[in-house]
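The chain contents come next:
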Amino acid sequence: MLMSNTDRPARLHYMANGFRVLTPGSHVTCAVSGATIELDDLRYWSVARQEAYADARFALEADTKA
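The structure presented is a predicted model; accordingly, all values stated were derived computationally and were not measured.

Caption draft 1: Molecular detail of the packing of aromatic side chains. For the coordinates displayed, the defined rule picks out two aromatic pairs. When the ring of Phe19 is compared with that of Trp45, the centres are 5.6 Å apart and the planes differ by 90°; the resulting orientation is edge-to-face. Here Trp45 lies in strand β5 (residues 44-46) and Phe19 lies in strand β2 (residues 18-23), a separation of 26 residues in the sequence. An aromatic cluster is present here, built from Tyr14, Phe19 and Trp45 joined pairwise through their rings.

Structure representation (structure tokens):
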């Protein structure tokens, strides 16, 4: 039986201008809030920390902690 990518976390490699899918899935998890982020909605991440963020506020929060 083939597994669907629906409701399965993806594993990504974050780059300066995008990301590469290492393991297919439908979403990633915000490193700060723990919220689920659909790949189509993913706009914020850290290349250095290889983390995804749900919005700019969480990206700034993670950046100020470092």
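Caption draft 2: Here's a closer look at the environment of Ala48. Among the structural elements, Ala48 can be located in the loop between β5 and β6 (51-53). The spacing of Ala48 and Tyr14 is 34 residues in sequence and 8.6 Å in space, taken between C-alpha atoms.

Parameters at a glance
Residues numbered from 1 in each chain as written. Predicted model: local features only at pLDDT ≥ 70, side-chain atom pairs only at ≥ 80, totals over all residues. Heavy atoms only, no water. Phe/Tyr/Trp six-rings, centres within 6.5 Å; stacked < 30°, edge-to-face > 60°. Helix = DSSP H or I, 4+ residues; strand = E, 2+ residues; numbered from the N terminus.

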